[in-house]
Amino acid sequence: MSVYVLCCLCVTLVLLSVPAQSQVIKGVVKDKYSDETIPFASLQLKNTGAGRLTDSAGTFSIYLNDRLGDTLEITYVGYQDYLIPVDSALLSQEQNGIIELNILLERGKYTEEVVVKRKIDRGLLMWKRIVRHKPFNDRYRFNNFSYELYNKLELDIKNINKERMQELRLLKNFSFLFDNIDSVEGASILPLYLMESLSNYYYQKSPLKRREVIKASKTLGLNNESISKMLGGMDQNINFYNNFIPVFDKQFISPISDNGDAYYKYKVADSQFVAGRRLIHLVFTPRRKGENTFEGDCWVHDSTFAIQKMSLRLSKEANINFVNQLSLIQEYKLINDTTWFLSKDKFVADVAPLGNKSLSFIGRKTATYKDIVVDDESVVNELSRNKILEEVILPPDASGKTDEYWSKARHEALSKNEAAVYQMVDTLLSLPAYRRARENVYFLTVGYKNIGNYEIGPWYNWITYNTLEGYRARFDLGTNKYFSKQWFLHAYGAYGFTDREWKYKMDAMYLFNKNPRSYISASYKKDIDYGQTYYDQISQDNIFALAIRKSGVSMKFLMTDEKKIEGYKEWKNGFSALATVSHKSFDPLRQLPPKMLFTQDDERLATAEVSIRLRYALLEKFLESAFNRISLGSPYPTAELKYTKGVSGVFNSRYNYSKLSIGVSHYKNISPFGSIYYNVFAGKTFGTLPYMLLDIAPGNEIYYYNKYSFNLMNRYEFLHDRYAGINMEHNIGNGIFGFIPVVKKLKLRQFYSVRALWGGLSEANRQYNMPPGAEYGFETLNGKNYLEVGTGIDNILKLFRIDFIWRVSPQPLPEERYKRFGVFGSFRLAF
């Protein structure tokens, strides 16, 4: 009987606890920008006071009990309050007694929440505990670990004006694109591209080794091995426990940095229990505006002081270009009773080159981690297969996985919009109109255009002008990857309408292997020597060079006839060798000493050379195309050694000599003090030679700044057969502009540069090149120093840079005042 009474009592209590005619609101609370769930957000009915918190996954359930006229309020620190009127419109969404809501919170300010008025600063105390326990919580404390990594990268276009876009004739064949436009945050967003990769990642602390085996890669329309490798985990590791966190090409100070209290203010907001574990909510904001810092919050496990989840976002005052909003989120999970390990990270960036309301791009990168193994012999065994410190393995079949494979292998299913992206890209790639549009954009921006198996360009070399040739027309023709994946053939012809002379070049390369790179090439060139040009500089043979040339500086013209064979071999350990055999002849044409000074006959000055260049760049990364590549730098200094031997008697070569040069260069972030670039170099020539075979200090004769040259020095101004120097530039960041309130909003950046050169010329080479009574202006430093220093303003309108450069020594002649001080401009596209 007692059991019966007890059961009736329980049923009665349950019925009483459920309000009559009640309705249930269920749903999830998310960040409107990053689409990440918000744990422990507060929900409250304002009139009744009834409420609850979202759970650790951001979901909730709350009874309404037909409270028409009430208001449901959702709040969370750092976000704007969100109000939902309980009216007939809300109740009409009911299905089977349940109202489903997806609530997106708009970001607000943390500032007012972080004001500390207590004698004991609990926020600062919590930060100290987190920092003290970092060595016990950072995943890199383990001797080794491995995991399966799933990476997903999505690119969207934001602020699409559908009606205006559909009216453009250029887009009439792509109207199907606009079927996928979605409206988020009051803006039209078009998912544009999606890339995925799945890999096994292995790490060992000592000796340091890293290995990644990419099992699958999906990059529709981008068949580029270097991009597939970059999408993996080797280059995407962000660790919140580090003192600095990379954001594009900048280094931001982590909120849990060892000296984070100098840059952040902290406050403990509240605490919650999840699965019997107490989590503490810590909020942080920058102490000063405009520094490389974040604002955000994190949940901290009480007993271990390990991060369970951290959300970072950039404040609008952060000194970074083109980024309207940015979020970094990391989540950690327990892999045993005491060990927290990274389980998910997400990076979302809204890049707006033309302003917040103009067409912009949203990049979303999500990484999830499964099958985590720590301090296990299996990891050591896998890493023992490494041939070098760091190795990325991309099997040939990684890019050919089926849709069925991906549906099983993904850590999380694609959303409806993400799945539609693949279908859209497939359709787009099949359209001839798209291929034509892509080629036209490539031609205008890069300069080259593919026509079948060949390419023409660059267009900016087609028409130029100089005082010797007058107007110069040039046309290039080369093969592309459709002609051959190993053979690259190229030639150009140029004609001067004043000197009425043809110039030309023919070259061929056979690429044995792309990674590690090896090739053999041969070339023949007869053209004016315009000096060495680096990939990010303006050459003299360029349509833009004439407009920015220094006034009063005569162009030097030296005709060269060069035949060259090269062989290049690179090893996975970063070591490379370049062997060159060449024959050159020179004919000075104008503003240089004539060849009669060195020879009595009418033959050109000829030399035959054999050289070997050894280079070491550990873990250097490259962005590769079919035949060429651009270095993305190395985390370590790059060293280079070159030896050249000149041999006489080979096809009328006249000189025996030797050359030796060495250099060390590096670009490094030195957060929080910006970044620094340096190049230390030295060399010596053994032999008596004409000036074009000596070491000619690199000068700059245009007003476009050249970071590799001495900008207040002319070409052929200083000759040496022994030299040493340094080229250094320190980009400070805000610098003094961060202390000027009016200027601070412009996000200007400060830097300084120093270039020094020591050189000398032997008496034999002095007499040979600068005999008494000579009328041309060669100089030598004679063991003295050349020094120029500069500073300036970077990030002007986010695109331009101005350098102010002073020549300290040697002092130029009074009539050469332009060599004492100069103002140079340049174009820089950087975050």
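Conventions used here
Residues numbered from 1 in each chain as written. Predicted model: local features only at pLDDT ≥ 70, side-chain atom pairs only at ≥ 80, totals over all residues. Heavy atoms only, no water. Patch = residues over 30% accessible without salt bridge, like charges linked within 9 Å, V, L, I, M, F, W, Y side chains within 5 Å. Areas by Shrake-Rupley, 256 points an atom, 1.4 Å probe, with all protein chains shown as cover. Salt bridge = Lys/Arg side-chain N within 4 Å of Asp/Glu carboxyl O. Lys, Arg positive; Asp, Glu negative; His and termini not counted. Charge placed at Lys NZ, Arg CZ, Asp CG, Glu CD. Helix = DSSP H or I, 4+ residues; strand = E, 2+ residues; numbered from the N terminus. Buried < 20%, exposed > 50% of the residue type's maximum accessible area, 1.4 Å probe, protein only. 1 Å grid on protein atoms, 1.4 Å probe; cavity = no way out; pocket = protein on both sides within 12 Å on 5 of 7 lines; lining within 4 Å. Points joined across faces, edges and corners; volume = space filled by probe spheres on them. Nonpolar A, V, L, I, M, F, W, Y, C, P; charged D, E, K, R; others polar. Pairing = 2+ DSSP bridges. Axes fitted to C-alpha atoms, helices over the stretch in contact; angles between N-to-C directions. Polar contact = N/O pair within 3.5 Å; in protein donor to acceptor, adjacent residues only side chain to side chain. Core = buried A, V, L, I, M, F, W, Y, C linked by side-chain atoms within 4.5 Å. Contact = heavy atoms within 4.5 Å. Phe/Tyr/Trp six-rings, centres within 6.5 Å; stacked < 30°, edge-to-face > 60°. Lys NZ or Arg CZ within 6 Å of the ring centre and 35° of its normal. Arc of directions from axis to C-beta. Expected span 1.5 Å × (residues − 1).

Asker: An account of a positive patch on the surface is needed here, citing residue identities and associated values.
Answerer: On the surface, R435, R436, R438, K481, K485 and K514 cluster together into a positively charged patch. Here the positive patch takes 3 residues from helix 10 (residues 432-446), the largest share from any one element. Here K514 shows up in strand 27 (residues 502-514). Its relative accessible area of 33% is what places K514 among the partly exposed residues.

Asker: Any details on the layout of surface pockets? Residues and values, ideally.
Answerer: In this approach, a probe sized like a water molecule rolls over the atoms, and the result shows the empty space that is left. As a volume, the second largest pocket reaches approximately 1100 Å³. For the second largest pocket, the lining is made up of 40 residues, of which K30, S34, D35, E36 and K346 are closest to its centre. Its residues placed into classes, the lining of the second largest pocket shows 13 nonpolar, 9 polar and 18 charged.

Asker: Which residues make up the sheet that holds strand 7 (residues 98-105), and what values do they have?
Answerer: Strand order in the open sheet formed by 3 strands is 4-1-7, with mixed pairing between adjacent strands. The sheet is open, and its two borders are formed by strand 4 (59-63) and strand 7, each paired with just one other strand. Neighbouring strand axes in the sheet, compared pairwise and without regard to direction, differ in orientation by 25 degrees on average. In terms of strand pairing, strand 1 (residues 24-31) meets strand 7 through 8 bridges, oriented parallel. Each residue of the ladder has a partner; that of V28, found in strand 7, is N102.

Asker: Describe the sheet that holds strand 5 (residues 71-75), with residues and values.
Answerer: Reading across from one edge, 3-2-5-6 is the order of the 4 strands in this open sheet, with antiparallel pairing throughout. Since the sheet does not close on itself, it has two edges, and those belong to strand 3 (51-53) and strand 6 (82-85), each with one partner. The sheet shows a mean angle of 15 degrees between the axes of neighbouring strands, taken without regard to direction. Of the pairings in the sheet, the one linking strand 5 to strand 6 comprises 4 bridges and is antiparallel in character. In the sheet register, E73 faces strand 6, and the bridge partner there is L83.

Asker: I'd like a rundown of the environment of N151, residues and numbers included.
Answerer: Examined against the element boundaries, N151 turns out to sit in strand 8 (residues 144-158). N151 sits in the buried class, given a relative accessible area of 1%. Expressed as a C-alpha distance, the spacing of N151 and T368, which sit 217 residues apart in the sequence, is 6.8 Å. Here the side chain of N151 touches K365 through a polar contact of 2.6 Å, side chain to side chain.

Asker: With reference to specific residues and values, describe the nonpolar core.
Answerer: Generally speaking, nonpolar side chains in soluble globular proteins are found buried as a group. Among the nonpolar cores identified, the biggest contains 50 residues, and F294, I307 and L328 are the most heavily contacted of them. It is strand 19 (residues 340-351) that contributes the most residues to this core, 6 residues altogether. Among residues more than four places away in sequence, those in contact with F294 are I245, V247, F252, I253, P255, Y264, T285, P286, L312, R313, L314 and L328. In this structure, I74, V86, I103 and L105 belong to the second largest nonpolar core, which totals 26 residues.

Asker: Tell me what's going on with the side chain of S658, and back it up with residues and numbers.
Answerer: One can find S658 in strand 35 (residues 657-669). Side chain to side chain, S658 and Y643 meet in a polar contact 3.1 Å long. Leaving out residues up to four positions away in the same chain, S658 has contacts with Y643, T644, K645, K684, T685 and F686.

Asker: Which residues make up the environment of T644, and what values go with them?
Answerer: Inspection of the secondary structure assignment puts T644 in strand 34 (residues 638-647). Note on T644: relative accessible area 6%, which makes it buried. The sequence separation of T644 and K659 amounts to 15 residues, and the corresponding C-alpha distance is 4.9 Å. Setting aside residues up to four positions removed in sequence, T644 forms contacts with E609, V610, S611, Y657, S658 and K659.

Asker: An account of the pairing of strand 35 is needed here, citing residue identities and associated values.
Answerer: Sheet topology note: the strand 34/strand 35 ladder contains 9 bridges and is antiparallel. Paired with K642 across the two strands is S661, which belongs to strand 35. Inspection of the sheet shows strand 35 paired to strand 36 (residues 675-686) by 12 bridges, in the antiparallel sense. The residue of strand 36 that forms the bridge with S661 is G683. Between the end of strand 35 and the start of strand 36, which pair antiparallel, lie 5 residues, with G674 showing a positive phi angle near 90 degrees.

Asker: So what about the packing of aromatic side chains? Which residues, and what values?
Answerer: According to the stated counting rule, one finds 40 aromatic pairs in the structure shown. Each ring, one from Y140 and one from Y203, has its centre 5.0 Å from the other, and the planes form 80 degrees; the classification is edge-to-face. Here Y140, found in the loop between helix 4 (134-137) and strand 8, pairs with Y203, found in strand 10 (residues 187-204); they are 63 residues apart in sequence, far enough to count as distant. Accessibility expressed as a relative area gives 21% for Y140, which makes it partly exposed. When the centroid spacing of 5.9 Å and the interplanar angle of 65 degrees are considered together, the rings of F718 and Y786 count as edge-to-face. Residue F718 is found in the loop between strand 37 (695-696) and strand 38 (719-720), and its partner Y786 is found in strand 41 (residues 785-796); the two are separated by 68 residues along the sequence. Grouping residues by exposure puts F718 and Y786 together as buried. Members of the aromatic cluster, each reached through a chain of ring pairs, are Y140, F142, F145, Y147, Y201, Y203, F341 and Y369. Taking NZ or CZ as reference, R629 lies 3.6 Å from the ring centre of F622, over its face.

Asker: Break down the pairing of strand 34 for me, with residues and values.
Answerer: Direction of pairing for strand 31 (residues 605-616) relative to strand 34: antiparallel, over a ladder of 9 bridges. By the bridge assignment, S611 is partnered in strand 34 with T644.

Asker: Before we move on, can you summarise unusual backbone geometry with the specific residues and values?
Answerer: The residue after S206, namely P207, is reached through a cis peptide bond having omega -10 degrees. Looking at the element boundaries, P207 is found in the loop between strand 10 and strand 11 (209-218). Cis geometry marks the peptide bond from N515 to P516, where omega comes out at -5 degrees. With respect to the element layout, P516 can be found in the loop between strand 27 and strand 28 (517-528). Residues other than glycine seldom take positive phi values, yet F40 does so here, at roughly 60 degrees. Structurally, F40 can be placed in the loop between strand 1 and strand 2 (42-45). Phi at R500 takes a positive value of approximately 55 degrees, unusual for a residue other than glycine. Residue R500 is classed as exposed on the basis of its relative accessible area of 64%.

Asker: Go over helix 3 (residues 122-132) with me, naming the residues and quoting the values.
Answerer: Taken as a whole, helix 3 has its buried residues at G123, M126, W127, I130 and V131. For helix 3, the buried positions fall inside an angular range of 135 degrees around the axis, keeping them on one side. Against helix 4, strand 14 (264-274), strand 15 (277-286), strand 16 (294-301) and strand 17 (307-314) lie the buried residues of helix 3. Where helix 3 starts, the residue carrying a side-chain oxygen 3.2 Å from the main-chain nitrogen of G123 turns out to be D121.

Asker: Can you lay out empty space enclosed by the protein for me, pointing to particular residues and giving the numbers?
Answerer: In the structure shown here, the tally under the stated rule is 6 cavities of 30 Å³ or more. Estimated volume of the largest cavity: approximately 180 Å³. Counting residues per element, the ones that place at least two in the lining of the largest cavity are strand 16, strand 17 and strand 18 (323-334). In terms of residue class, the lining of the largest cavity is made up of 10 nonpolar, 5 polar and 7 charged.

Asker: Which residues make up helix 10, and what values do they have?
Answerer: When the terminal C-alpha atoms of helix 10 are compared, their 21 Å separation across 15 residues agrees well with the 21 Å that a helix rising 1.5 Å per residue should span. G447 lies just past helix 10 and shows a positive phi near 110 degrees.

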